[in-house]
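For reference, the chains in residue letters:
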Amino acid sequence: VEMAPKNASPVESAALTSSALSAYLAVKKFVKPGYRILVLGGSGGVGTFFIQLAKKEGASFVATTSTEKDLLLSLGADKVINYKEVNWWEDQELL
């Protein structure tokens, strides 16, 4: 149990907790050291937590976003693809 940040509303605090728990459970169940992972919507709530937690487990990442490239790189993404500029699903070399 942790105290909610003073600058966050109860709704924001609940959303933060839900995103963090979802990411944590996914990492613990599915991520192994050396895995290379594609994170769709990496700049969303679950994505930002997932990248940080899975990076600590030894995974590497390609993440998609439309606006937050620098944020995702700072969180540990190895590569960031702007899905509004590139059709990543058509060019597997991007991954």
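Residues numbered from 1 in each chain as written. Predicted model: local features only at pLDDT ≥ 70, side-chain atom pairs only at ≥ 80, totals over all residues. Heavy atoms only, no water.

1. Some details on the nonpolar core
Then step 1. Counting 15 residues, the largest nonpolar core has Phe-50 and Phe-61 as the members making the most contacts within it.
Then step 2. Contributions of two or more residues to this core are made by helix H1 (10–30), strand E1 (36–39), helix H2 (45–56), strand E2 (60–65) and helix H3 (69–75).
Then step 3. The leading source of residues in this core is H2, at three residues.
Then step 4. Not counting residues within four places of it along the chain, the set of residues in contact with Phe-50 comprises Ala-23, Ala-26, Val-27, Val-31, Ile-37, Val-39, Lys-55 and Phe-61. (Core = buried A, V, L, I, M, F, W, Y, C linked by side-chain atoms within 4.5 Å. Buried < 20%, exposed > 50% of the residue type's maximum accessible area, 1.4 Å probe, protein only. Helix = DSSP H or I, 4+ residues; strand = E, 2+ residues; numbered from the N terminus. Contact = heavy atoms within 4.5 Å.)

2. Some details on the pairing of strand E3 (residues 79–82)
Note on strand geometry: in a regular strand, side chains alternate between the two faces of the sheet.
Then step 1. Bridging between E2 and E3 involves four bridges; their strand directions are parallel. Paired with Thr-65 across the two strands is Asn-82, which belongs to E3.
Then step 2. Between E2 and its parallel partner E3, the chain crosses via H3, and the hand of that crossover is right-handed. (Pairing = 2+ DSSP bridges. Right-handed = clockwise from strand over helix to strand, strands pointing away.)

3. With respect to H1
Then step 1. Compared with an ideal rise of 1.5 Å per residue, which puts 21 residues at 30 Å, H1 spans 30 Å between its outermost C-alpha atoms and is within 8% of the ideal.
Then step 2. If you check which residues of H1 are buried, you get Ser-13, Ser-19, Ala-23 and Val-27. Viewed end-on, H1 has its buried residues packed into an arc of 130°, placing them on one side of the element. Every exposed residue of H1 that faces more than 90 degrees away from the buried side is listed here: Pro-10, Val-11, Thr-17, Leu-25 and Lys-29.
Then step 3. In this structure, the buried residues of H1 make contact with H2. (Expected span 1.5 Å × (residues − 1). Arc of directions from axis to C-beta.)

4. What to know about the pattern of salt bridges
Then step 1. A complete count under the given rule lists two salt bridges for this structure.
Then step 2. The shortest N-O distance in the salt bridge between Lys-28 and Glu-57 comes to 3.2 Å. In this pair, Lys-28 sits in helix H1 while Glu-57 sits in the loop between H2 and E2, placing the two residues 29 residues apart along the sequence.
Then step 3. Overall, the relative accessible area of 46% leaves Lys-28 in the partly exposed class.
Then step 4. With a shortest N-O distance of 2.9 Å, Lys-55 and Asp-78 are connected by a salt bridge. Placement of the pair is Lys-55 in helix H2 and Asp-78 in the loop between H3 and E3, with a sequence separation of 23 residues.
Then step 5. By relative accessible area, Asp-78 is classed as partly exposed at 42%. (Salt bridge = Lys/Arg side-chain N within 4 Å of Asp/Glu carboxyl O.)

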